[in-house]
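Residues per chain are reported as follows:
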Amino acid sequence: MSKKIAIIGSGFGGLALAIRLQASGLETVILEKRDKPGGRAYFYEEKGFHFDAGPTVITAPHIFEELFELTDKKMEDYIELIPIDPFYRLLWPDGEVFNYNSDMNALYAQIEKLNPKDVRGYKKFLKFSNAVFKEGYEKMVDHPFQSIWSMVKVAPQLLLLQSFRSVYSMVSKYIKHPKLRQAFSYHTLLLGGSPYSSSAIYSLIHALEHKWGVWFAKGGTSALVAGLVKLYEDLGGTLHLNCAVQSIETNDNNEVVSIHNVNGERLEIAAVASNADIYHTYNELLSDNKTAQKKTKVLKRKKFSPSLFLLHFGLRREHPQLAHHTILFGPRWKELLEDIYHNGVLPEDNALYLHAPSVTDKSMAPEGCSAYYALAVVPNLGKLNIDWSIEKERYKEVIYQQLEERCIPNLREDLVVEKIFTPIDFEKELNSYQGAAFSMEPLLIQSAFFRIHNSDQKIKGLYFTGAGTHPGAGVPGVVNSAKATARIMIDNLKNG
Ligand SMILES: Cc1cc2nc3c(=O)[nH]c(=O)nc-3n(C[C@H](O)[C@H](O)[C@H](O)COP(=O)(O)OP(=O)(O)OC[C@H]3O[C@@H](n4cnc5c(N)ncnc54)[C@H](O)[C@@H]3O)c2cc1C
């Protein structure tokens, strides 16, 4: 039997790559550390409540359709996607509400209410966002940036699109009202970036959501993961759970030859693609490799994204007044993000994202009940190394208090189940360096050629897929990273 390609980790990036390789005729095996697939898209079930642990906002559904079409299968036979409207409800502490979707007239009316002059500005911003989408998404998102020349080639477009500016600065160029500036720039946080430092290239998210909408997988994001696992297995792939990889072995020619797993097995392989954290891969899995150890030193100087504090809870009551996705802005914005990204301060007045899937899909909770998670962006462990096992109970109450005051009255009286996931869990469960929730921050100087390449230039047979490589975090990002990596792997492994 010929040697297989090993994929370390079953996040969306790992699954999408495995499917692409398998569909091309290359034989693969996925080795996953945890007891369920999906990586950050893990799930918990307790007392009939179903909680998605990570991504909930599904955009660009065609990236999944493409995977099914590789082998003439139909996505609807595996997964059902439901459109979400509004895409997000935005709430401010003074009670202001903004329902954000792609209904242009409704959007203009809401913008006009806040500042009539911003309607014109918003139209210009949308035009800019569409232009960035064309250049930055359609032309670059699934193309690997392996050489400095690939970067030089796109430099003129990047300059033209003012990608050296931040998303917030570009939005502010067109839109004046502070709330609207927040409304059209917070999206970078979903990828781990501050709107004040993420490249204006990420303004394309606005156009992307307008073009393809926001979706939810029936049964939760975990149902989307299950659909991809089924597709992978239908294509003949093998997924091993509870099977952490402990090391990647290279020979004297700096070629990958085998992997060693937690069960003491050694598997000879044709190549390996790591979907695990980039720092973990170089520092721990390749601890005997000199090239990798040099890379580790370089990675230590990079900026990693913040972490997250996640509070999952199930209530014995329904709250149909809620939107599926709500952003609760706090009293501060720029200073708040500075505390999280730079000062290493845990904010008491944090902004929150509230996920209320039962509003769309009743199967997420027992009859008459509802399931939620609240998420707060918090400093990573490199910035703030507190004892989360103590802090988590206190911070939980801060969040409950805010939710009770602003959108879920008497929440704590109705609690049936709860679960907390902190930066320490990102580090321990997911092997994330500094407990970062989104790998390296999406800064221009850490993007495209300046991110970890889809294939290592010096260690032969080592590839990457997922948030740490090009184009970066977010479900569309990692699924597109798999496309970029598959291109190189299929070329190297099939065509020599
Ligand atoms: C709470 C949260 C909410 C989010 N919400 C959204 C959203 O709504 N929309 C969106 O687009 N994006 C969202 N994101 C971002 C998005 O979820 C991630 O960027 C993306 O899912 C990461 O996928 P990945 O392919 O990089 O792999 P990961 O999900 O990071 O998976 C990596 C896998 O590797 C495994 N692994 C690690 N080390 C080893 C080892 N040594 N051996 C074997 N296996 C190993 C891990 O167990 C894990 O399963 C969210 C992220 C979080 C954390």
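Everything here concerns the structure above.
The following paragraphs examine the structure supplied in this document.

Criteria and cut-off values
- Residues numbered from 1 in each chain as written.
- Predicted model: local features only at pLDDT ≥ 70, side-chain atom pairs only at ≥ 80, totals over all residues.
- Heavy atoms only, no water.
- Near = heavy atom within 4 Å.
- Polar contact = N/O pair within 3.5 Å; in protein donor to acceptor, adjacent residues only side chain to side chain.
- Areas by Shrake-Rupley, 256 points an atom, 1.4 Å probe, with all protein chains shown as cover.
- Helix = DSSP H or I, 4+ residues; strand = E, 2+ residues; numbered from the N terminus.
- Nonpolar A, V, L, I, M, F, W, Y, C, P; charged D, E, K, R; others polar.
- 1 Å grid on protein atoms, 1.4 Å probe; cavity = no way out; pocket = protein on both sides within 12 Å on 5 of 7 lines; lining within 4 Å.
- Points joined across faces, edges and corners; volume = space filled by probe spheres on them.
- Buried < 20%, exposed > 50% of the residue type's maximum accessible area, 1.4 Å probe, protein only.
- Pairing = 2+ DSSP bridges.
- Arc of directions from axis to C-beta.
- Contact = heavy atoms within 4.5 Å.

### What to know about the site of the ligand
The immediate surroundings of the ligand are formed by 38 residues, with G13, E32, R40, V57 and V475 found nearest. Backbone polar atom of G13 to an oxygen atom of the ligand: 2.7 Å apart, as the coordinates give it. Note that a nitrogen atom of the ligand is positioned 3.0 Å from one of the side-chain N or O atoms of H280. Burial of the ligand by the surrounding chains reaches 97%, relative to a free accessible area of 1000 Å². Elements that contribute at least two residues to the shell around the ligand include exactly α1 (12-23), β13 (307-315), β16 (370-378), α14 (423-430) and α15 (475-494). A total of 3 residues in the shell around the ligand trace back to one element, the largest contributor, which is α15. Split into classes, the residues belonging to the shell around the ligand amount to 21 nonpolar, 13 polar and 4 charged.

### Some words on empty space enclosed by the protein
Enumeration according to the criterion identifies 2 cavities of 30 Å³ or more in this entry. The calculated volume of the second largest cavity comes to roughly 30 Å³. As for the second largest cavity, its lining consists of F125, V167, F184, S185, H187, T188, Y202, S203, I205 and H206. Residue classes in the lining of the second largest cavity are distributed as 5 nonpolar, 5 polar and no charged.

### Examining the pairing of β16
Taken across its 9 residues, β16 has 9 buried, putting it largely inside the fold. Because side chains alternate across β16, one face comprises the buried residues S370, Y372, A374, A376 and V378, and the other comprises A371, Y373, L375 and V377, equally buried. Two elements, β13 and β16, share 9 bridges in a ladder whose sense is antiparallel. From the neighbouring strand, H312 faces β16, where its bridge partner is Y373.

### A word on α14
Where α14 is concerned, the buried positions are P423, F426 and L430. Summarising the axial view, the buried residues of α14 lie within an arc of 75°, below the 170-degree limit, and thus occupy one face. Buried residues along α14 sit against β13, β16, α13 (388-406) and β17 (415-421). A positive phi of about 55° marks N431, the residue just after α14.

### Observations concerning the layout of surface pockets
There is about 270 Å³ of room inside the largest pocket. Every residue lining the largest pocket is counted, 18 residues in all, and those nearest its centre are A270, K460, G461, Y463 and L493. Among the elements that take part in the lining of the largest pocket, strand β12 (residues 266-274) stands out by supplying 4 residues, more than any other. Taken together, the residues of the lining of the largest pocket sort by class into 8 nonpolar, 4 polar and 6 charged.

### Thoughts on the pairing of β12
When strand β1 (residues 4-8) meets β12, the two strands line up parallel, connected through 5 bridges. Each residue of the ladder has a partner; that of A6, found in β12, is V272. Following strand β11 (residues 256-261), the chain reverses through 4 residues before pairing antiparallel with β12; G264 in that reversal takes a positive phi of roughly 80°. Where β12 and strand β18 (residues 462-464) come together, 3 bridges link them in parallel fashion. Looking across to β18, one finds that A273 is bridged to Y463.

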